[in-house]
Amino acid sequence: MAQFVQYIYIVSAALFILSLKWMNRPDTARRGVFAGEIGMLLAVGGTLAGFPGPDGSAGIANVHNWGWILSAVVIGIAVGIPIAYIMPMTAVPQRTALSHACGALAAALVGTAEFYQHNHYREPLTPVIMIPLVLETLLGYLTFTGSLMAMGKLQEVLPQRPITYRNQNAVNFTLFAIAAALAVRLVLVPTDTILFPIFAGLALLFGVLLIIPIGGADMPTVIAILNSYAGLSACAMGFALQNNLLVVAGALDGSSGLILSIIMCKAMNRSFANVLFGAFGQIQVSQAQAQQRPYRSASPEEAAAILEAASSVIIVPGYGLAVAQAQHKVRELYDALMRRGVDVKFAIHPVAGRMPGHMNVLLAEADIPYDRLREMDDINGEFPQCDVALVIGANDVTNPAARTDKSSPIYGMPILDVDKARTVMVIKRSMNPGFAGIDNDLYYMDKTLMLFGDAKAFVSEILKELPAKVAA
Ligand code: NAP
């Protein structure tokens, strides 16, 4: 049976890898989710089927805690399904943080249980097993509190601004060094049960202290890093429990989180080291100073007339489109314009919205054809030939200051070259800044028209004007 379980694990691991691969593209993403689910089902089933008994046997007959297992399954389903339906997509980053917190806590608790079980009921663990076990618990506990802090900041139940104090980095590194020293002591003396709660407490505290100096603005990137920590914790747990599948799944989770955070850092022109060591927490998200500069605005009727007369339109979606849930109205606008022979494309910035792929998911929900979605590098060359760039709820990702203003916090961040289009129209509710808290020069250009209003309401108004124009 043990051999058979290893085969099941191989199939499971292959499904996890395929799942990640398929989730890379919108048209295969559903298949990817399904593959991941089947992989997880096989993993759980295989683990139960090959459960080890005290006599060295392996089989489902060795499982005696069905009450606990089924309760956990029921609680998981009871919490998971409503969350999937109730949580708006704009809250996905905090939901992700919450699931990392749960995963990391699970890994840390398994490590803790393993430690005490061995010390009280079995032979003490060897240093070889203690190394992954202390890594698992250290990463697990710090990711648990760190993820809860990240979730609190994103949900705005905790202050979003960075909380800093003198010698903060020194305090953090000292605390981490003490936790690491205790970990070494536990590896060398695995019977030191008194030390373990102090070690776990320090890891929990470190998770909080690591996050408080980081502003809410950088939480999505921090979540990707915490994802990586949670994966590494699960990987270490695999070594501690000598479970091959956990090692593979944890490594996949850890490395994908790491790759994701590197992609996000690149797209925001932030260095990875800067994110890892929390130094960027000191970058304050400043409120944009209200600038009294002239700008032009237009009505839905005027916007409809301009769109109707265009032969090419590039729609630039951003966070505001997600907040307004305007994707279905945007789809109607796309259909209406395409019917009139206007060539409509969508320009996707890698960090538009609040999580990687946010805009792809949103537009896919409205069945906008994937081949109309263009990545930043592919579409930027097309803006100079485009009649109208219609920016819907996007701000920072279109700010030309990223190219020109060395003093700007987003200087160096690659942007969509919206300002190069012949006419620019921007739907947003006010002149307020976006995520980075800075003013956008795009809004004051002669070719720019501000379309003030909620994205969904404004696009609906444009749609009402369009049929009239067709008939005219
Ligand atoms: P943004 O810069 O945050 O701007 C969004 C704009 O949407 C705001 O200026 C807001 O203006 C407008 N808005 C909000 N609600 C609206 C509504 N109901 N109707 C119409 N407009 C609405 O968004 P972005 O251009 O998508 O840029 C993303 C930002 O997030 C970047 O700074 C990026 O670095 C950061 N970020 C992204 C990720 C990621 O993975 N995607 C991760 C970390 C950080 P009004 O209030 O005036 O309406």
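Just so you know, these numbers come straight off a predicted model, no measurement behind them.

How each quantity is defined
Residues numbered from 1 in each chain as written. Predicted model: local features only at pLDDT ≥ 70, side-chain atom pairs only at ≥ 80, totals over all residues. Heavy atoms only, no water. Axes fitted to C-alpha atoms, helices over the stretch in contact; angles between N-to-C directions. Helix = DSSP H or I, 4+ residues; strand = E, 2+ residues; numbered from the N terminus. Parallel < 35°, antiparallel > 145°, perpendicular 65-115°, else oblique. Left-handed = near helix turned anticlockwise from the far one by under 90°. Salt bridge = Lys/Arg side-chain N within 4 Å of Asp/Glu carboxyl O. Buried < 20%, exposed > 50% of the residue type's maximum accessible area, 1.4 Å probe, protein only. Phe/Tyr/Trp six-rings, centres within 6.5 Å; stacked < 30°, edge-to-face > 60°. Pairing = 2+ DSSP bridges.

Chemist: Any chance you could explain the packing of helix α1 (residues 2-22) against helix α2 (residues 29-49) here in plain terms?
Modeler: Axis angle and axis distance: for two packed helices, these are the angle between their axes and the distance between the axes, and together they describe the pair. It is the contact of α1 with α2, at a shortest axis distance of 8 Å, that shows an interaxial angle of 160°. By the angle between their directions, the pair α1 and α2 is classed as roughly antiparallel. Relative to α2, the crossing made by α1 is left-handed.

Chemist: For this particular structure, what's the right way to read the pattern of salt bridges?
Modeler: Two side chains of opposite charge can pair, provided their charged atoms sit close to one another. One pass over the structure, following the stated rule, counts 15 salt bridges. Here R422 ties to D387 by a salt bridge, and the two come within 2.7 Å at their closest N and O atoms. Within this pair, whereas R422 is found in the loop between α16 (401-404) and β6 (423-428), its partner D387 is found in the loop between α15 (376-379) and β5 (388-392), the two being separated by 35 residues in sequence. The exposure class assigned to R422 is partly exposed, which follows from its relative accessible area of 48%. The partner of R403 in a salt bridge is D417, and the shortest N-O contact between them spans 2.7 Å. One end of the pair, R403, is in helix α16; the other, D417, is in the loop between α16 and β6, and 14 residues separate them in sequence. Residue D417 is classed as buried on the basis of its relative accessible area, which comes to 11%. Through salt bridges with shared partners, a single ionic network connects D343, K345, R372, R374 and E382.

Chemist: Would you mind showing me how to read the packing of aromatic side chains here?
Modeler: Applying the stated criterion to the full structure yields 8 aromatic pairs. A centroid spacing of 5.9 Å and a plane angle of 45° characterise the contact between Y334 and F346, whose relative ring orientation is tilted. Of this pair, Y334 sits in helix α13 (residues 327-339) while F346 sits in strand β3 (residues 343-348), and the two are 12 residues apart along the sequence. Look at Y334 and you get buried, because its relative accessible area is 7%. Among the aromatic side chains, those forming a connected cluster through ring pairs are F115, Y116, F196 and F199.

Chemist: Looking at this model, I keep getting lost on the pairing of β6. Mind explaining?
Modeler: Successive residues of a regular strand alternate their side chains across the two faces of the sheet. Where burial is concerned, most of β6 is hidden: 5 out of the 6 residues are buried. Both β5 and β6 contribute to a ladder of 5 bridges, which runs parallel. For I392, the partnering residue across the bridge sits in β6 and is I427. Here β6 runs beside strand β7 (residues 448-452); their pairing, made up of 5 bridges, is parallel.

Chemist: What should I look at first to understand the environment of A180 in this one?
Modeler: Along the chain, A180 falls in helix α6 (residues 168-188). On the basis of relative accessibility, which here comes to 29%, the residue A180 falls in the partly exposed class.

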